[in-house]
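# Fold and contact review
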Amino acid sequence: MTATTATAPVAAKAKPPVPAKTGPRATSAAAAKRTGAGLVPKIVAIVATLALWQLVAMSPLVDTDSLPTPVMVVDALFGLWGSDAYWTALGTTLRVWATGLALSAVIGIPLGLLIGTSLRATQSTRWIIDFFRSIPTIALLPLVLLLFGATSRMEITMIVLSAVWPLLIQSMYAAKQVEPLHKWVVRVFRISTADRLRYLWAPSVSLFVFTGLRLSATMALLMTISAEYIGGAPGLGLELSHMEQAFKRPEVFAYAITAGILGLLINAIVVAAQRRLLWWHPIIREERGA
Amino acid sequence: MRLGIRTRLSALAWEMWLPVVVVIACLVVTADSTSFYFPSFAEIFERTGELWFFDGIVENVVPSLLRILIGFAIALVVGIVGGIVLGLLPRFEQAVRPILEFLRATPGVALMPIAIIFLGIGDTMKIFLIALASMWPILLNTIDGVRSVEPVLLRMAASYRLPMKTRIRYIYVPNAAPQIFAGARLALTIATVVMVVTEMIGSPGGIGYFILDSQRSFNILNMWSGIVVLGVLGYLLNFGARLVEGRVLDWHNKKNA
């Protein structure tokens, strides 16, 4: 199961659009076996892609000025690894991204859970949340740019404005799907609030919240780099824009690849954290067992 | 859902009150606003009416809409066809998975300089980037959907020696449809963001360009009106997508109800 399956709960409003996976799971078990054995074809595919790129870049169809060969790009990447500017930019981007995401989580999760527990609150906020999550927040970039200038505050504002929604909405659904029977049991036994939070709420909502976190993390990275690239705040996006204007093509590719690696890493970290923290969850266990 | 008319009305009332209060509050609070950045709501709406009906719509909304629709349509076709093909070739899909994951994880904006190098700053680049960035959720969800077909159905199809065409039409596609739509909805959000970003960088024409241009010339009212129009456009696009989904997945929702 990749990040894509995670979109299912987002869609789950009144009616779950994705069918629950009942039925035999023989195919996924077979697929899992193949994954273990299939390292060689993966490497072959990557090498083949790189070779194809090299051939196209060397062929007379395109001049090497516009399409650098992979060798040139790797060379540029190594060159950048030696420079301070690269690491500073990477560090800034990561810091801003993490701050923005943390802030979104601090705002989005509690608010979403609170709204989700009450039917009236859900109804009251339905239209507002629906409206704000479907408008492209990037449109506010010029305004935020005017207010804060090309600073990390501008970036963080943009990140929170866009990354808070997946978290908020997933937390709302999370609060809704807590088993009513469990809630009654907890009430009947007069279990203390702290214990309720610890033993009922935290385990029940965590999987949905994690899904929201993964979506938000991706959104936040997209926003960070967009804000840097268009708004000119320091970071990877700005370096990318500088290299583009200086016609340093291999460096442009190197920075784009860095952004890709960053995206991969972020996704991997969230998935690993989910495995680590939610190893006991039936759905996660099923995935591992399969 | 068969609810009584009273319950429905009360639900509607609960849904209505906060948005109404918020709009009125905004109108009142900003009524005699002297702030440079936050002009009064009424003025913004007035300007929106003047600017966008109907010159602005022809000049800026239509190009934006065309771009996102064409880009999104390409993403849908490539994503679904590619997803079905990859879903049917598990070994090949396993091999190229790392490459797909890498391309998907790369933020679309980071690919923009590269796209500009090859395609310039015109419509081709914009449509290409919209299609590219919004293709991944559709592609990966289609693969997952095709993969999760009940093995019993496939064995049945094998027993009856159904041709591949029939299997795709009556087994794979209906089974993957809910997943494809879930991916498409995510893709639409991404497509809107990429549309605005590419317009902000590229050539004139389009709402994104209009907003950034107004900001650069400190025409705050124009900028706000652009934001309002873009918000409405985003909302309508989402609404339209949900309508289509409700239609197409009607059978599925009924089955699950």
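Per-chain numbering applies: the sequence of each chain, read as written, is numbered from 1 onward. Numbering of ligands from 1 and lettering of chains from A proceed in the order in which they are written. Given that the model is predicted, a residue must reach a pLDDT of at least 70 before its local features are reported, and side-chain atom pairs must reach 80 or more before they are shown or counted; all residues, however, enter totals for whole chains, interfaces and linings.

## Focus: the overall build of chain B
Just so we agree on the cut-off: Only DSSP runs of H or I reaching four residues or more are called helices, and only runs of E reaching two or more are called strands; each is numbered from the N terminus. Note on method: radius of gyration uses C-alpha positions; expected globular size equals 2.2 Å times residues raised to 0.38. For every residue pair, C-beta atoms are placed from the backbone, and the pair is scored as a contact if these atoms sit within 7 Å.
Check the secondary structure of chain B and you find 10 helices and zero strands. Start at the N end of chain B and walk to the C end: the helices and strands fall as α-α-α-α-α-α-α-α-α-α. In terms of overall size, chain B is more extended than a compact globule, its C-alpha atoms giving a radius of gyration of 23 Å where 257 residues would be expected to give roughly 18 Å. Expressed along its principal axes, the backbone C-alpha trace of chain B runs to roughly 75 × 60 × 30 Å. Relative to all contacts within chain B whose residues are 6 or more apart in sequence, the contacts with residues 24 or more apart total 76%.

## Examining the packing of helix H6 (residues 119–134) of chain A against helix H1 (residues 5–29) of chain B
Threshold: Working convention: axes come from line fits to C-alpha atoms, limited for helices to the stretch in contact. Angles between N-to-C directions cover 0 to 180 degrees. Working rule for angles: under 35 degrees goes down as roughly parallel, over 145 as roughly antiparallel, 65 to 115 as roughly perpendicular, anything else as oblique. Left-handed describes a crossing whose near helix is turned anticlockwise from the far helix through less than a right angle; right-handed describes the clockwise counterpart.
Across the interface, H6(A) lies against H1(B) with an axial gap of 7 Å and an inter-helix angle of 55°. Comparing the axis directions of H6(A) and H1(B) gives the class oblique. Handedness of the crossing formed by H6(A) with H1(B): right-handed. Taking contact as the criterion, the partners of Arg120(A), Gln123(A), Ser124(A), Thr125(A), Arg126(A), Trp127(A) and Ile128(A) in H6(A) are, on H1(B), Ala11(B), Trp14(B), Glu15(B), Trp17(B), Leu18(B), Pro19(B) and Val22(B).

## Thoughts on the packing of helix H4 (residues 70–81) of chain A against helix H12 (residues 249–277) of chain A
Residues and elements named next belong to chain A. Note the cut-off: Polar here means any residue outside two lists: the nonpolar Ala, Val, Leu, Ile, Met, Phe, Trp, Tyr, Cys and Pro, and the charged Asp, Glu, Lys and Arg; Gly therefore counts as polar.
Two elements in contact, H4 and H12, have axes whose closest approach is 8 Å; the angle formed by their N-to-C orientations is 75°. What the angle tells us is that H4 and H12 run roughly perpendicular. Residues Met 72, Val 73, Asp 75, Ala 76, Leu 77 and Leu 80 of H4 lie in contact with H12, whose contacting residues are Pro 250, Glu 251, Phe 253, Ala 254 and Ile 257. Residue classes in the contact of H4 with H12 are distributed as nine nonpolar, no polar and two charged.

## Details of the domain arrangement of chain A
Residue and element names in this part refer to chain A. Rules: Each domain's extent was defined by an automatic or database domain assignment.
Domains assigned within chain A are domain 1 (27–58) and domain 2 (66–289). If you average the C-alpha positions of domain 1 and of domain 2, the two centres end up 29 Å apart. The interface of domain 1 with domain 2 comprises six residues on the first partner and five residues on the second. Partitioned by chemical class, the residues of the side of domain 1 that touches domain 2 number five nonpolar, one polar and no charged.

## Comments concerning unusual backbone geometry
Among all residues save glycine, negative phi is the norm, and among peptide bonds the norm is trans. For the record, the criterion: For every residue, the other C-beta atoms within 10 Å of its own C-beta are counted; 20 or more classify it as buried, 12 or fewer as exposed, and values in between as partly exposed. C-beta atoms are placed from the backbone.
Located in the positive-phi region is Phe247(A), a residue other than glycine, with phi close to 55°. Within the fold, Phe247(A) resides in the loop between helix H11 (236–245) and H12. Assessed through the 11 C-beta atoms surrounding it within 10 Å, Phe247(A) is described here as exposed. Within the chain, Arg161(B) stands out as a residue other than glycine whose phi angle is a positive 50°. On the secondary structure map, Arg161(B) appears in the loop between helix H6 (151–159) and helix H7 (164–201). Judged by the 7 C-beta atoms lying within 10 Å of it, Arg161(B) falls in the exposed class.

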